[in-house]
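Breakdown of the fold
One letter stands for each residue in the lines below.
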Amino acid sequence: MTQMTGPDMESVDGRRDAINTRYEEYISSYSHHLPMNLQAQDVSYIVAEGMANMWWARLTSLQMPWEWTRGPKRKKRVLNGVSFQVNCGQMLAILGTSGSGKTSLLDVLACRQTSGELTGRITVNGVERTETMIKRHAGYVRQDDRLLPNLTVRESLMFVAHLKLPTSFNKEQIETRVDSVVAELGLRPVYDSKVGGAEIRGISGGERKRVSIATQLLVDPSILLLDEPTSGLDSFTAHHLVETLSTLAKNNRTILLTIHQPRSDIFKLFDLVMILTEGNVAYYGEAAKMIPYFTKLQYPCPEFTNPCDFYVDLCTVDTKTEVTEIESSRRVDSLVKQYSQEMLQNDSGAFVNGAEDEPTRLRRDLEATRLYLPGWFTQWAVLTRRALINNFADYGFLLVQIAESVFMSLVIGVVYLNLQFDQYAMRDRFALMFILGALYPYMMVVDVVGKYHKERWPLYHDLQDGLYTPGPFFWAKLVSEIPEHTLFLILYSVPYYWLSNMQNDALLFFQTFVILFLTAYCCRCVGMAFAAVFPTCQSATTSAQGFFATMLLSGGFIINMDNLFEGMKWLSNVSFLKWSYQSLCLVELPGLNFTCPLPIGTCIHNGSEALKYYSMENIEMWKSCTILGAESIFFLIVFYIALTFISQKPQES
Ligand SMILES: Nc1ncnc2c1ncn2[C@@H]1O[C@H](COP(=O)(O)OP(=O)(O)OP(=O)(O)O)[C@@H](O)[C@H]1O
């Protein structure tokens, strides 16, 4: 292999720079797309049944990591010899009943299949498509959108634009791009409305779909893949949306969408149609030729019947009874066979076979060229801003959290109201220290797991799309949550302090606040780590609660450290609740004197004696705080590793 040197290298660099400039020119001039034809030849996709996840993903779903089966594993042919070609300016609708392989086909085209064996050839302008090429030139709109509910349409689009558009774009250019996409998708009337979601009322379902499409259109992709964009929409909105997609296709884009039995007025908007049945193609061709094709096969569409409904039903195995299953299976097999024979007869070289033209070479060069997309720091800054706005715009959640921290503090304050200095109150002061460090932090774990599970779905897609990497997200999450964490802790730290008659000293109050802050932060990190490791909210909450209970039992209050079973002692050393409890006692107790009304029995005269009585005389404050900090870092590392190596797809979805 010859190595390029000196002038050769310079000319390649010069060429790359020229290509970058051309790409940025192309991306900044909205109406000049690179025309792209997408072609699939004999594409088959086989998966091992029941083993959709890797062993570690199965473990985290509380499933057996390996499957023991007698004989070879059963394989499922999700796609079987699928061939088609969609040219620039055309819209292909992929029809079929549930489970026919529509989503899998889009996943395969978009390089998003997570497992399985893929054969056949997928090309873009005659060149084998690669993940980089698809990421750069195709947009994929999934069935479930991934929009953050508390942001407005404008904010949602601006944040994606800042993450997706090349760094050469200035603020005005970004705004112009967002404006033109908003205009193209008719989103002006809802520009400043909240997106909304399951819990917050926002824009309508159709508008949400259009916002999802808009996020993909920001970089003006040449190919747009949409998985059931009309699902859940009324027929008028669905028609309007497909009309918009048809206009987008006419504007030199290549569009593929999956759809369940569209209305006849929607059907008329498609250029090409494909009917899939159990991974096989039963029809692919011009939409206008579908009825004549099936009529030729002796299946004319009855009068007043929607042709899509009729032909999708015709190509479906009816499993209602054994008789209908046998009969419909025969029919479907015969339709698939007849279609493949038709294909063989008509295969007159309509598919482009590897002929490389100038745009194709340019495309390949573009793929090889590094685009100057926003770097680590920009991603972090955009994500931090987005998270801060999303956190503080979620008034409902914020109010609940505020109420929770004040309420917990008031309850503790009232239970330990105006503690005195007798022997009983001395013991109550220890109990107060323990409950302070355990009650709110427990709620913190549960809240954090719940909140993170709401974020997992958008996060999963953003990471898959390469919108940003786990690193910037991780740091953005840490930074963006500090303000609310501080606010909640201030609210928690005040009421009980005055109600329970703790030492009236500013320094001691501040020290207590710092310990509670660290303890609650450690619990926040525990929550994030468990939420990112476990795929369901329930498994994450249950495991985090179990872990918290273990920390609580070995925390040094429920049982004296000296009496703790030897085998559990190591556990008490990692119990963040123990370090929190002991350091809180160390701050509050030493300056106190206790009365001894009874002349008989053991009497504890002051805080130092009390600490000795509870085996805490050798505790050092700095050590406790360092351990709390170190444990937070440990759980943050677990969180980061989970973010990086475990797919954040929530199992609920
Ligand atoms: N990785 C996988 N492992 C196991 N089975 C899979 C995998 N991917 C797809 N399948 C199976 O392949 C079939 C096709 O799934 P796909 O999601 O593509 O169907 P669909 O036509 O999009 O259905 P729907 O309209 O309900 O979304 C289903 O039976 C599905 O369970």
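Residues numbered from 1 in each chain as written. Predicted model: local features only at pLDDT ≥ 70, side-chain atom pairs only at ≥ 80, totals over all residues. Heavy atoms only, no water.

- As annotated in an unreviewed UniProt entry, the protein chain carries the name ATP-binding cassette sub-family G member 8 and is attributed to Lingula anatina.
- Here is the UniProt Sequence similarities (unreviewed entry) comment for the protein chain, exactly as written: "Belongs to the ABC transporter superfamily. ABCG family. Eye pigment precursor importer (TC 3.A.1.204) subfamily." (UniProt positions renumbered as here; feature names shortened; annotations may be inferred.)

What to know about the sheet that holds strand E4 (residues 117-124)
- Strand order across the open sheet formed by four strands is E2-E1-E4-E5, with antiparallel pairing between neighbours. Because the sheet does not close on itself, it has two edges, and the strands there are strand E2 (75-86) and strand E5 (127-128).
- Taken together, the eight bridges between strand E1 (residues 38-48) and E2 define a ladder with antiparallel strand orientation. Counterpart to valine 47 in the pairing with E2 is lysine 76. (Pairing = 2+ DSSP bridges. Helix = DSSP H or I, 4+ residues; strand = E, 2+ residues; numbered from the N terminus.)

Description of the state of the cysteines
- All chains considered together, the criterion is met by one disulfide.
- The disulfide that involves cysteine 596 links it to cysteine 603, with 1.3 Å between the sulfurs. In this structure the cystine formed by cysteine 596 and cysteine 603 twists about its S-S bond by roughly -60 degrees; its chirality is therefore left-handed.
- Taking relative accessible area as the criterion, cysteine 596 reaches 30% and is therefore assigned partly exposed.
- Given the relative accessible area of 18%, cysteine 603 is considered buried.
- Left without a disulfide partner, cysteine 301 is nearest to the cysteine sulfur of cysteine 308, which lies 9.1 Å away.
- We note that cysteine 537 lacks a disulfide partner, and the nearest cysteine sulfur, in cysteine 523, lies 17 Å from it. (Disulfide = S-S within 2.5 Å. Buried < 20%, exposed > 50% of the residue type's maximum accessible area, 1.4 Å probe, protein only.)

Here we look at the site of the ligand
- Taken together, 16 residues lie around the ligand, and Ser98, Gly99, Lys102, Thr103 and Ser104 are the ones closest in.
- At 2.9 Å from an oxygen atom of the ligand is found a main-chain nitrogen or oxygen belonging to glycine 99.
- Here the ligand has 640 Å² of accessible area as a free molecule, and 71% of this is covered by the chains.
- Elements represented by at least two residues in the shell around the ligand include exactly E2 and helix H3 (102-109).
- Considering every element that reaches the shell around the ligand, the biggest residue donor is H3, with three residues.
- Tallied by class, residues from the shell around the ligand come to three nonpolar, 10 polar and three charged. (Near = heavy atom within 4 Å. Polar contact = N/O pair within 3.5 Å; in protein donor to acceptor, adjacent residues only side chain to side chain. Areas by Shrake-Rupley, 256 points an atom, 1.4 Å probe, with all protein chains shown as cover. Nonpolar A, V, L, I, M, F, W, Y, C, P; charged D, E, K, R; others polar.)

Some thoughts on the pattern of salt bridges
- The full count for this structure, using the stated rule, is 18 salt bridges.
- The salt bridge partner of glutamate 131 is lysine 135, with a shortest N-O separation of 3.6 Å. In this pair, glutamate 131 and lysine 135 both sit in helix H4 (residues 131-137), four residues apart, roughly one turn of the helix.
- Judged by its relative accessible area of 43%, glutamate 131 is partly exposed.
- Take lysine 135: its relative accessible area is 39%, and that puts it in the partly exposed class.
- In this structure, the salt-bridge partner of arginine 429 is glutamate 588, at a minimum N-O distance of 3.6 Å. (Salt bridge = Lys/Arg side-chain N within 4 Å of Asp/Glu carboxyl O.)

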